[in-house]
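# Tertiary structure, described
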Amino acid sequence: MFNIKMDMIQTVGLAVIILILGRFLRKKVKFFETYCIPSPVVGGFLFAIINLILRKTNLVIFEFDNTLQSFFMTLFFTSIGFNASWRLLKVGGKKVVMFLIMAVVLVILQNIVAVGVGYLTGVDPLIALLTGSTAMTGGHGTAAAMAPIVEELGHTGAKSVAIAAATFGLIAGSSLGGPLANRLIKGKKLEVVAEKVDNEKVRNDEFLFNNDVKKLDGENFAKAFFLILLSMFIGSYVSTFLNQFLNFPNYIGPMIVAAILRNISDNTTKFDLHYEEVHILEDVSLNLFLGMAMISLRLWELSSVAGQLAVLLLAQALLAWVFIYFVTFRFMGRNYDAAVLSAGHVGFGLGATPNGIANMQSVCDKYKHSHIAFFVMPIVGALFIDFFNVAIISGFFSFLSR
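All figures in this text were calculated on a predicted structure; none of them were measured in a lab.

A few words now on the overall build of the chain. Summing up its helical and strand segments, the chain has 18 helices and two strands in all. Taking 2.2 N^0.38 as the reference for a compact globule, 402 residues should give roughly 21 Å; the C-alpha atoms of the chain span a radius of gyration of 21 Å, in line with that estimate. Taken along its principal axes, the extent of the C-alpha atoms in the chain is 65 × 55 × 45 Å. Buried positions account for 53% of the 402 residues belonging to the chain. For the chain, the accessible surface area stands at approximately 18000 Å², while carbon and sulfur atoms represent 64% of it.

This is how it looks when you write it as structure tokens:
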């Protein structure tokens, strides 16, 4: 058997090759585009399958140095912290707050159901928790970030379980959202009338609502990168302090520091956080960290929990359908806009924000455009839910790992 060892530079280089391959396949294969499967997942799963075959046939074993994976993971979640703006939440209005409450409640229920069903099926609570909001609302990024914590506690196969669950969530979220909204609209005979958005309230928020494209430059990228690194530096000490009381992931501190800086910036004109550049760095770091996580998947460790995993994932799909159909729809107003929002909630509650937007678009293409839905869902799905989700997951992990 041939053993291939890659240092941290070679590992990230291979991850980039996998990203390029994934982007190519995503453009060529309609299935991947339809269900919004991320490029790192497309290329990464292909490599993971090849790696599985090579290992099972005793030909090649790969060993990776994942030092940079941890760095890019922390950079990504620190960037997420810069999205947590109290001003944007207030600008969004009552509907945004209401929808955020629904999203947070579903996050909590996803984790309770994961641990409960895991207990009934004989799956370790920490492994089961990875199929809850970690993989569903959190998606591949959060799944790949939390799984190593579980593996460090001695649970092999955690990463494969988390990534498989997140992939299932993407497909389920894209498949169930449209039919759920259609059932609500037809079954409840809703009047297809869309409420208008009060643009006067939101037009002054340049970062989120201004459609003008700003010219990006190297100086602003440098400033944004330095602010992220500074948040990571200060936040590392915050994490050390917090971990004296509860076992939180190391990126919690940097996220908190970034959120504090964001809200200071929102209320002063003394410094600019360069949100556009931060968002680009967030996207780059997510792709690199996820690509590195995917190439190190150990699919051979998934077979031992395959049956129980199917039960856990079906339970999550059923929970999302029932909760959103009976609770989200009613809480958001029991009207056409609420039905479209419900389709979006299925998409990002099981998969990711792009899936939610795609669901809403398919519903609106059939009926009528919902201004409220396309205003509310992206704010919650893209800016706020990740921050709340990570905090809630960390609480569950801290409780279960005692």
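This brings us to the packing of aromatic side chains. Using the criterion set out here, one finds 14 aromatic pairs in the structure. Plain terms: the ring middles of Tyr 336 and Tyr 367 are 6.4 Å apart, the flat faces sit at 70 degrees to each other, and that makes the pair edge-to-face. Of this pair, Tyr 336 sits in helix H16 (residues 336-350) while Tyr 367 is found in the loop between helix H17 (353-366) and helix H18 (371-400), placing the two residues 31 residues apart along the sequence. Taken together, Phe 76, Phe 77, Tyr 251 and Phe 289 form an aromatic cluster joined through their ring pairs.

Overall, the coordinates contain one salt bridge when judged by the stated rule. Between Arg 262 and Asp 266 there is a salt bridge, with the nearest N and O atoms lying 3.1 Å from each other. Linking Arg 262 with Asp 266, this pair stays in helix H13 (residues 252-266), spanning four residues, or about one helical turn. In terms of burial, Arg 262 and Asp 266 fall into one category: buried.

Turning our eyes to something else, we now look at helix H14 (residues 275-295). A rise of 1.5 Å per residue sets the reference length of H14, with its 21 residues, at 30 Å; its end C-alpha atoms lie 30 Å apart and thus fit the reference within 8%. With 15 of its 21 residues buried, H14 lies for the most part within the structure.

Before going further, it helps to examine the confidence of the model for the chain. Per-residue confidence for the chain gives a mean pLDDT of 85; residues scoring 70 or more make up 91%. Here residues 199-211 scores under 50 on pLDDT; set against residues more than four positions off or in separate chains, the count is 22 contacts.

The next point concerns a nonpolar patch on the surface. Among the surface-exposed residues, Val 97, Ile 101, Val 105, Leu 318, Val 322, Phe 326, Val 327 and Phe 331 lie close enough to one another that they form a single nonpolar patch of about 620 Å² accessible area. Residue assignment for the nonpolar patch shows that the elements contributing at least two residues are helix H6 (94-121) and helix H15 (306-331). With five residues, the top contributor of residues to the nonpolar patch is H15. By the secondary structure assignment, Phe 331 is in helix H15. Residue Phe 331 is classed as partly exposed on the basis of its relative accessible area, which comes to 36%.

Attention now goes to a positive patch on the surface. On the surface, Arg 183, Lys 188, Arg 330 and Arg 334 cluster together to form a positively charged patch. Checked against the element boundaries, Arg 330 lands in helix H15.

On to helix H1 (residues 8-28). A rise of 1.5 Å per residue sets the reference length of H1, with its 21 residues, at 30 Å; its end C-alpha atoms lie 30 Å apart and thus fit the reference within 8%. All buried positions along H1 are accounted for by Thr 11, Val 12, Leu 14, Ala 15, Ile 18, Leu 19 and Gly 22. Angularly, the buried residues of H1 cover 155 degrees about the axis, an arc narrow enough to put them on a single face. Within H1, the exposed residues directed more than 90 degrees away from the buried face are Ile 9, Ile 17, Ile 20, Lys 27 and Lys 28.

Here we come to the pairing of strand S2 (residues 60-64). Alternating residues of S2 divide into Val 60, Phe 62 and Phe 64, all buried, and Ile 61 and Glu 63, none buried. Relative to S2, strand S1 (residues 2-6) runs parallel, the two being bridged by five bridges. Looking across to S2, one finds that Ile 4 is bridged to Phe 62.

A word on the side chain of His 345. Relative to the elements of secondary structure, His 345 occurs in helix H16. Setting aside chain neighbours within four positions, we find His 345 in contact with Phe 99, Met 102, Ala 103, Leu 106, Phe 323, Ile 324, Thr 328 and Leu 350.

In this section: the packing of H13 against H18. The geometry of a pair of packed helices is captured by two quantities: the angle between their axes and the separation between those axes. Two elements in contact, H13 and H18, have axes whose closest approach is 11 Å; the angle formed by their N-to-C orientations is 145 degrees. Judged by the sense of rotation from one axis to the other, the crossing of H13 with H18 is left-handed. Counting all contacts with H13, which are made through Ile 252, Met 255 and Ala 259, the residues of H18 involved are Phe 387, Val 390 and Ser 394. Taken together, the residues of the contact of H13 with H18 break down into five nonpolar, one polar and no charged.

Rules of the game
What you see as residue numbers is a count from 1 along each chain, following the sequence as written. With pLDDT at 70 or above as the cut-off, local features in this predicted model cover only qualifying residues; side-chain atom pairs require 80 or more to be listed or tallied, and sums for whole chains, interfaces and linings still use all residues. Side-chain metrics in this entry use all non-hydrogen atoms of the structure; hydrogen atoms and water are not considered. Here a helix means four or more residues in a row that DSSP labels H or I, a strand means two or more in a row labelled E, and each is numbered from the N terminus. Computation of the radius of gyration draws on C-alpha atoms, with the globule rule given as 2.2 Å multiplied by the number of residues to the power 0.38. Partly exposed describes any residue whose relative accessible area lies between the buried limit of under 20% and the exposed limit of over 50%, with all areas from a 1.4 Å probe on protein chains only and scaled to the type maximum. Here the open area of atoms and residues is found with the Shrake-Rupley method and a 1.4 Å probe, where only the protein chains shown may cover a residue. What counts as a ring pair is set by centres within 6.5 Å for rings of Phe, Tyr and Trp (its six-membered ring), and what kind of pair is set by the plane angle: stacked under 30 degrees, edge-to-face over 60, tilted for all other angles. By definition, a salt bridge exists where a carboxyl oxygen of Asp or Glu is found within 4 Å of a side-chain nitrogen of Lys or Arg. Here, expected helix span is obtained from the residue count minus one, scaled by 1.5 Å. pLDDT measures how confident the predictor is about each residue, on a scale from 0 to 100. Here, residues are in contact when the closest pair of their heavy atoms is within 4.5 Å. Only residues whose relative accessible area exceeds 30% and that form no salt bridge enter a patch; like-charged residues are grouped when within 9 Å of one another, and nonpolar side chains (Val, Leu, Ile, Met, Phe, Trp, Tyr) when within 5 Å. For this count, His and the chain ends are skipped, Lys and Arg are scored as positive, and Asp and Glu as negative. Here the site of a charge means NZ on Lys, CZ on Arg, CG on Asp, or CD on Glu. The reported arc concerns the directions from the helix axis to the C-beta atoms and nothing else. What makes two strands pair is DSSP finding at least two bridges between them. To obtain each axis, a line is fitted to C-alpha atoms, and for helices this fit is confined to the stretch in contact; angles are then taken between N-to-C directions over 0 to 180 degrees. If you view the pair so one helix is near and one far, a crossing is left-handed when the near helix is turned anticlockwise from the far one by less than a right angle, and right-handed when it is turned clockwise. Three classes are used: nonpolar for Ala, Val, Leu, Ile, Met, Phe, Trp, Tyr, Cys and Pro, charged for Asp, Glu, Lys and Arg, and polar for all others, with Gly counted as polar.

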